[in-house]
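# An overview of the molecular structure
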Amino acid sequence: MTHTASFAVIIPAAGSGSRFGGGDKLLVDLGGLTVLQRSVALFAHRPDVRHITLVTAPDRFEAYRSHLRSIVSPDKLHFVPGGRERWESVLNGLRSLSSLTPPPLFVGIHDAARPLTPPAIIDEAFRVTVERDAALPCLAEPATLKRMGENGCVAATIDRRGLYQAQTPQCFNVAKLLAGFEKLHAANQLADVTDDAQVFERNGWPVPISTGSPLNLKITTAADVELARAIVASSTSTDSSHAR
Ligand code: CTP
Ligand code: MG
């Protein structure tokens, strides 16, 4: 690691998992650890992360606290109530950061539903953020993209050149992101914001793109669980073959 800056990590975990179709998707088992345990573990022992703020419904605080006891030291883990939309959850988390000691200079915001982020993706996003105040891990879009017409048939093919999938952790200078959020909030311009980089974009601030990974998948539907389990199983067998 080439920097020693202090990061806080906000983990929005207050969603309802409506596309998942039943049960708490964050508590699904992936090879011995749940989605939530793995997402928190990505940051629990990094020397550059001083605080982890989990944003969720207050009635889950105690259950999640005990669920994460074996993953992260309790004095590093903070709980903040979620909001109706993802941006509200993130804003609640951001506003809480000023009460931490010491207040963090930088923040990484990582979906609780992304349990398998390769550490190199986090390393690069943090490094770019320290240099340039923001970083957005992105994956060049590999698919041929179609727009569907009203008749259920293809209406158009979208040129994929220059298109990227945004991933997390999205990382920022804390003071700048909070100022950008508060400005848009006061102007009622957050309603359709679905990721944090949009706050920088709408303020006219550059968002440097860092490397993303197809392994950095988000658990959205039940099919994603099968894929995530296969990735975990293959990395476990690779680890043990290295050990042999
Ligand atoms: N999230 C949040 N607060 C919200 C909505 C979402 O903290 N009001 C979090 C989710 O818990 C998740 C992350 O944002 O970790 C990404 O959201 P998504 O994958 O869309 O999860 P859900 O919103 O829970 O799922 P769905 O959209 O299918 O309801
Ligand atoms: Mg959602």
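Above this note sits the structure.
These lines cover the structure that appears in this document, whether it is placed above or below. Keep in mind the model is a prediction, meaning the values are calculated, not measured. (Residues numbered from 1 in each chain as written. Chains lettered and ligands numbered in written order. Predicted model: local features only at pLDDT ≥ 70, side-chain atom pairs only at ≥ 80, totals over all residues. Heavy atoms only, no water.)

### Some thoughts on the pattern of salt bridges
To be explicit about the condition: By convention in these notes, a salt bridge is any Lys or Arg side-chain nitrogen within 4 Å of a carboxyl oxygen on Asp or Glu. A helix here means a DSSP run of H or I that spans at least four residues, while a strand means a run of E at least two residues long, and both kinds are numbered starting from the N terminus.
Within this structure, the stated rule accounts for twelve salt bridges. Among the salt bridges present, the one from Arg95 reaches Glu182, with a minimum N-O distance of 2.8 Å. With Arg95 in helix α3 (residues 86-96) and Glu182 in helix α5 (residues 174-186), this residue pair connects regions lying 87 residues apart in the sequence. In this structure, the salt-bridge partner of Asp133 is Lys176, at a minimum N-O distance of 4.0 Å. In this pair, Asp133 sits in the loop between α4 (119-132) and β7 (134-140) while Lys176 sits in helix α5, placing the two residues 43 residues apart along the sequence. When salt bridges that share partners are traced, they join Arg86, Asp111, Arg114 and Asp196 into one network.

### Focus: α4
Put simply, the test is: What a helix is expected to span follows from its residue count: subtract one and scale by 1.5 Å. In this scheme, a residue with accessible area under 20% of its type's maximum is buried, one over 50% is exposed, and one in between is partly exposed, where area comes from a 1.4 Å probe on protein chains only. To be clear, the arc concerns the directions from the helix axis to the C-beta atoms.
For α4, built from 14 residues, the straight-helix expectation of 20 Å at 1.5 Å per residue is met to within 8% by its first-to-last C-alpha distance of 20 Å. Among all positions in α4, only Ile121, Ile122, Ala125, Phe126, Val128 and Thr129 are buried. Down the axis, α4 shows its buried residues gathered within 165 degrees of arc, on one side only. Residues Pro119, Ala120 and Glu131 are exposed on α4 and point more than 90 degrees away from its buried face. Asp133, located one to two residues past α4, shows a positive phi value of around 75 degrees.

### Some thoughts on unusual backbone geometry
In this model, Thr101 is joined to Pro102 through a cis peptide bond whose omega is -15 degrees. Take Pro102: it is sitting in the loop between α3 and β6 (106-109). Pro169 follows Thr168 through a cis peptide bond whose omega is 10 degrees. For Pro169, the position within the fold is in the loop between β10 (164-166) and β11 (170-173). Backbone geometry places Asp133, a non-glycine residue, at a positive phi of 75 degrees. A relative accessible area of 22% means that Asp133 is categorised as partly exposed. Although it is not a glycine, Asn188 adopts a positive phi angle of roughly 60 degrees. Assignment of secondary structure puts Asn188 in the loop between α5 and α6 (197-202).

### Concerning the pairing of β11
Here is the rule we go by: Between any two strands, pairing holds if DSSP finds at least two bridges.
The sheet contact formed by β6 and β11 spans four bridges and is antiparallel. The partner of Val107 across the bridge, within β11, is Phe172. Note that β7 and β11 share two bridges and pair antiparallel. Paired with Ala135 across the strands is Cys171, a residue of β11.

### Regarding the pairing of strand β8 (residues 145-148)
Looking at chain direction, β8 and strand β9 (residues 154-158) are connected through four bridges and run antiparallel. Following the sheet pairing, Leu145 is matched in β9 by Ile158. Turn length for the β8-β9 hairpin, with the two strands adjacent in sequence and antiparallel, is five residues, and the turn residue Gly152 shows positive phi of about 80 degrees.

### Examining the nonpolar core
What counts is decided by this rule: Throughout this description, the term nonpolar core refers to a set of buried Ala, Val, Leu, Ile, Met, Phe, Trp, Tyr and Cys residues connected via side-chain atoms within 4.5 Å.
Counting 40 residues, the largest nonpolar core has Val40, Phe43 and Leu54 as its most contacted members. Among the elements of the structure, β1 (7-12), α1 (35-44), β4 (49-56), α2 (61-67), β5 (77-81), α4 and α7 (222-243) are those that each provide at least two residues to this core. Ile109, Leu136, Phe172 and Ala197 belong to the second largest nonpolar core, which has 25 residues in total.

### Some details on the packing of aromatic side chains
To be explicit about the condition: Pairing of aromatic rings covers Phe, Tyr and Trp, the last through its six-membered ring, and needs centres within 6.5 Å; plane angles under 30 degrees mean stacked, over 60 mean edge-to-face, and all others mean tilted.
For the coordinates displayed, the defined rule picks out five aromatic pairs. Geometrically, the ring pair formed by Phe7 and Phe126 is stacked, given 3.8 Å between the ring centres and 5 degrees between the ring planes. One end of the pair, Phe7, is in strand β1; the other, Phe126, is in helix α4, and 119 residues separate them in sequence. Neither Phe7 nor Phe126 differs from the other in exposure class; each is buried. Measuring from ring centre to ring centre gives 5.0 Å for Phe172 and Phe200, while their planes differ by 50 degrees; the resulting arrangement is tilted. One end of the pair, Phe172, is in strand β11; the other, Phe200, is in helix α6, with 28 residues separating them in the sequence. You can call Phe200 buried: its relative accessible area is 0%.

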